[in-house]
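The lines below spell out each chain.
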Amino acid sequence: MAINYAESAREIVNLIGGDNNVISVTHCATRLRFILKDNSQVDKDTLKRVKGVITAVEAGGQLQVVIGNHVGDAYREVQKLLNIDESVAVTAPNVGIVNRLMDIISSIFAPFLYPLAACGVLQGIISLFAALGWVDPASGTYRILNFVSWTGFTFLPVMVAFTAAKKFNVNPFTAVIAACALVSPDYLSMLSANKILMANSADPAMQALMKSAVENPDIAKVLVEVAGIPLNAAPLTFLGLPVEYLSYTSSVIPIILMVWIMSYVQRFFERILPLVIRNMFTPMFCLAIMVPLTLLAFGPVGNMIGGAIGGVYNTLYHLSPSIAGFVVGGAWMPLVTLGVHWGITPVTVGNYATLGYDTFTGLQASAVFGMAGAVFGVYLKSKDDEMKRLSLSAGLTALFGITEPAIYGVALRLKTPMICGCLAGAIGGAVAGAFNAVSWSYCIPGIAVLPVFFKEGHMTQFLGFILSICVAFSLGIVFTWLGGFKEDIPAEKRVAAATNAA
């Protein structure tokens with residue numbers, strides 16, 4: 001029977017303390033994420049029994065109401081019932097720095113998660129078609145679909161700027177224009193020219209000339225003419241300060257830093273400027289200040305932070321891919337359970353930008369298939385018709401990458417399947433690490449996005465990945481079957497089953 005999400009939304013809002021208790025609400029792939037003024041007003045036990053709600057957990061400084069695939073429907077209905085003044089910055093009480101970071105990351109990435117993943121899937125499909133000879137890489141069809149598939153990653157800073165602006169209460173169009181400036185053709189042209197200039201400056205004499213060119217325009221002109229580079233390739237400065245040439249396509253952390261600081265700049269000028277000129281000059285000052293500051297400071301700092309975060313994981317991975325796979329495959333589902341799995345998103349996106357692929361997703365997929373296998377094991381072993389229906393539905397959903405129904409509806413409820421799924425995911429992850437399995441574009445791991453893990457010339461990695469998810473899925477079933485679980489079958493059903501058996 002179809003669920004009336006309008007009615008469910010009314011019950012949810014009422015059980016979390018009403019409209020006045022809600023500071024903000026966002027949603028990710030499967031959850032409504034509320035930040036509340038007072039969590040003690042939440043009737044969590046009743047909330048878990050609302051139609052359409054799988055469970056409710058407090059994690060990451062949020063009340064997370066797990067809905068599943070229809071979270072978008074529930075979110076739209078909840079929004080109709082809330083009257084939130086987004087122009088007023090209100091923070092939740094007693095929320096630590098880690099929880100705040102998780103909230104910021106989930107709020108920024110969740111809105112465009114599926115469109116970005118769709119770009120990745122398109123990349124994988126056209127690459128597979130090209131490898132199979134179904135489409136010519138030199139054809140217009142391939143080239144058009146190829147640049148379409150890369151667009152989401154090229155202009156990722158624009159999407160990050162828009163959602164970050166909503167999170168930090170910044171004019172979203174001002175933030176978008178600032179992000180567009182960092183990926184504009186003019187800036188990219190200067191960046192390309194600078195790379196050519198650097199390629200022609202390996203010897204010490206040329207380096208000395210380049211240093212002199214910063215202070216002497218005539219030397220700069222001669223230098224670029226000798227190197228055969230356009231004049232705008234001369235070392236770039238702003239108010240005499242050297243600008244570091246960095247690419248901001250697919251950039252994340254520098255954009256978040258820029259929009260966060262912009263929120264303070266915007267509030268400052270809104271406070272001091274007369275009303276008659278405020279609406280025009282506040283965005284002007286934000287752009288004139290924040291874009292150069294990002295080029296001078298926040299961009300290099302953000303890239304350094306992103307590189308350090310990604311570097312820690314990548315260093316651990318290169319020490320032992322199999323051990324890294326065992327840890328990721330075993331720990332991913334508990335992280336999803338706690339709702340803090342969003343913390344890895346900047347790392348994976350950063351890997352695509354810097355490496356052209358991501359190892360973490362190749363390991364993470366085993367956790368997804370291990371949990372799917374554990375839930376299918378419940379389906380095969382359970383004697384309760386309702387649990388069989390629930391586990392089959394949750395298992396199929398998990399195969400497509402949405403694991404919350406499997407976790408909360410089956411695995412945690414029966415306990416043993418959760419352990420079995422995590423162990424199967426760990427073993428599958430170790431196999432994936434042994435084969436250096438990677439994804440070549442962003443995706444939510446699942447059976448529908450397997451082409452994302454394929455790339456011509458890397459067949460061993462792809463076959464190793466397929467082996468790893470098959471191992472995880474199969475072991476999930478086997479471990480759950482052997483480990484068993486205690487079902488909470490109602491007394492009347494046990495009596496009926498005994499009568500039928502007699």
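Scroll up a little and you will see the structure.
These remarks concern the structure in this document. (Residues numbered from 1 in each chain as written. Predicted model: local features only at pLDDT ≥ 70, side-chain atom pairs only at ≥ 80, totals over all residues. Heavy atoms only, no water.)

## Remarks on the overall build of the protein
- Of regular secondary structure, the protein possesses 21 helices and six strands.
- The proportion of buried residues among the 502 residues of the protein is 49%.
- Carbon together with sulfur atoms contributes 65% to the accessible area of the protein, which is approximately 23900 Å² in total. (Helix = DSSP H or I, 4+ residues; strand = E, 2+ residues; numbered from the N terminus. Buried < 20%, exposed > 50% of the residue type's maximum accessible area, 1.4 Å probe, protein only. Areas by Shrake-Rupley, 256 points an atom, 1.4 Å probe, with all protein chains shown as cover.)

## Quick notes on the nonpolar core
- Counting 48 residues, the largest nonpolar core has M333 and M371 as its most contacted members.
- Those elements giving two or more residues to this core turn out to be α13 (275–319), α14 (321–338), α16 (359–381), α17 (385–399), α18 (404–414), α19 (416–434) and α20 (459–483).
- The contact partners of M333, leaving out residues within four places of it in the chain, are A367, V368, M371, T403, I407, M418 and C422.
- In terms of nonpolar packing, the next biggest core, distinct from the first, is built from 47 residues, A117, A179, Y248 and M290 among them. (Core = buried A, V, L, I, M, F, W, Y, C linked by side-chain atoms within 4.5 Å. Contact = heavy atoms within 4.5 Å.)

## Overview of empty space enclosed by the protein
- Counting across every chain of the model gives three cavities of 30 Å³ or more.
- Lining the second largest cavity are Q123, W150, F153, Y352, G356, W440 and S441.
- Among the residues forming the lining of the second largest cavity, the class breakdown is four nonpolar, three polar and no charged. (1 Å grid on protein atoms, 1.4 Å probe; cavity = no way out; pocket = protein on both sides within 12 Å on 5 of 7 lines; lining within 4 Å. Points joined across faces, edges and corners; volume = space filled by probe spheres on them. Nonpolar A, V, L, I, M, F, W, Y, C, P; charged D, E, K, R; others polar.)

## Looking at the layout of surface pockets
- By volume, the second largest pocket is sized at about 920 Å³.
- Around the second largest pocket, the lining comprises 28 residues; the ones closest to its centre are I3, G52, V53, I54 and L390.
- Within the residue set of the lining of the second largest pocket, elements represented by two or more residues are α1 (5–15), α17 and α18.
- Broken down by class, the residue content of the lining of the second largest pocket amounts to twelve nonpolar, ten polar and six charged.

## Things to note about the environment of G325
- Topologically, G325 is positioned in helix α14.
- Accessibility expressed as a relative area gives 0% for G325, which makes it buried.
- In this structure, the C-alpha to C-alpha distance between G325 and G429, residues 104 residues apart in sequence, is 4.1 Å.
- In contact with G325, other than residues within four places in its own chain, are L363, A426, G429 and A430.

## Describing the packing of α18 against α19
- Close contact between α18 and α19 brings their axes to 4 Å; oriented N to C, the two are set at 105°. By the angle between their axes, α18 is roughly perpendicular relative to α19. Between α18 and α19, the contacting residues are I407, A411, L412 and L414 on the first element and T416, P417 and M418 on the second.
- Counted by class, the contact of α18 with α19 contains six nonpolar, one polar and no charged residues. (Axes fitted to C-alpha atoms, helices over the stretch in contact; angles between N-to-C directions. Parallel < 35°, antiparallel > 145°, perpendicular 65-115°, else oblique.)

## Focus: the packing of aromatic side chains
- Evaluation of the coordinates by the stated rule reveals ten aromatic pairs.
- A ring pair is formed by F268 and F269, whose centres lie 5.1 Å apart and whose planes are at 80°; its orientation type is edge-to-face.
- When the ring centre of W481 is taken as reference, the NZ or CZ atom of K381 above it lies at 4.5 Å. (Phe/Tyr/Trp six-rings, centres within 6.5 Å; stacked < 30°, edge-to-face > 60°. Lys NZ or Arg CZ within 6 Å of the ring centre and 35° of its normal.)

## Structural notes on the environment of R76
- Examined against the element boundaries, R76 turns out to sit in helix α3 (residues 71–81).
- Expressed as a C-alpha distance, the spacing of R76 and A6, which sit 70 residues apart in the sequence, is 8.8 Å.
- Polar contacts involving the side chain of R76 include one to the side chain of D73, which spans 2.5 Å. (Polar contact = N/O pair within 3.5 Å; in protein donor to acceptor, adjacent residues only side chain to side chain.)

## Describing the state of the cysteines
- For the structure on display, the rule yields zero disulfides.
- No disulfide involves C422; its nearest neighbouring cysteine sulfur is the one of C420, lying 9.4 Å away.
- Take C422: its relative accessible area is 12%, and that puts it in the buried class. (Disulfide = S-S within 2.5 Å.)

## Quick word on unusual backbone geometry
- One non-glycine residue with positive phi stands out, namely N169, at about 60°.
- If you trace the backbone, N169 turns up in the loop between α7 (156–168) and α8 (172–182).
- Here N436, not a glycine, exhibits a phi torsion of approximately 55°, which is positive.
- Inspection of the secondary structure puts N436 in the loop between α19 and α20.

## Let's talk about helix α6 (residues 140–154)
- Over its 15 residues, α6 runs 20 Å from end to end, which matches the ideal 21 Å to within 8%, given 1.5 Å per residue.
- Residues Y142, S149, G152 and F153 constitute the buried set of α6. In an axial view of α6, the angular spread of the buried residues amounts to 115°, which keeps them on one side of the axis. What points out from α6, more than 90 degrees from its buried face, is the exposed set R143 and F147.
- If you follow the buried residues of α6, they end up packed against α5 (113–131) and α7. (Expected span 1.5 Å × (residues − 1). Arc of directions from axis to C-beta.)

## Some remarks on the side chain of T480
- As for its position among the elements, T480 is in helix α20.
- Residue class for T480 comes out buried when judged on its relative accessible area of 0%.
- Separated by 3.4 Å, the side chain of T480 and the backbone oxygen of A374 make a polar contact.

## Some details on the pattern of salt bridges
- By the definition in use, this model includes three salt bridges.
- For K80, the salt bridge goes to E77, with nearest N and O atoms at 3.4 Å. Within this pair, K80 and its partner E77 are both found in helix α3, separated by three residues, close to a single helical turn.
- Residue class for K80 comes out exposed when judged on its relative accessible area of 62%. (Salt bridge = Lys/Arg side-chain N within 4 Å of Asp/Glu carboxyl O.)

These figures capture arrangement, not role.
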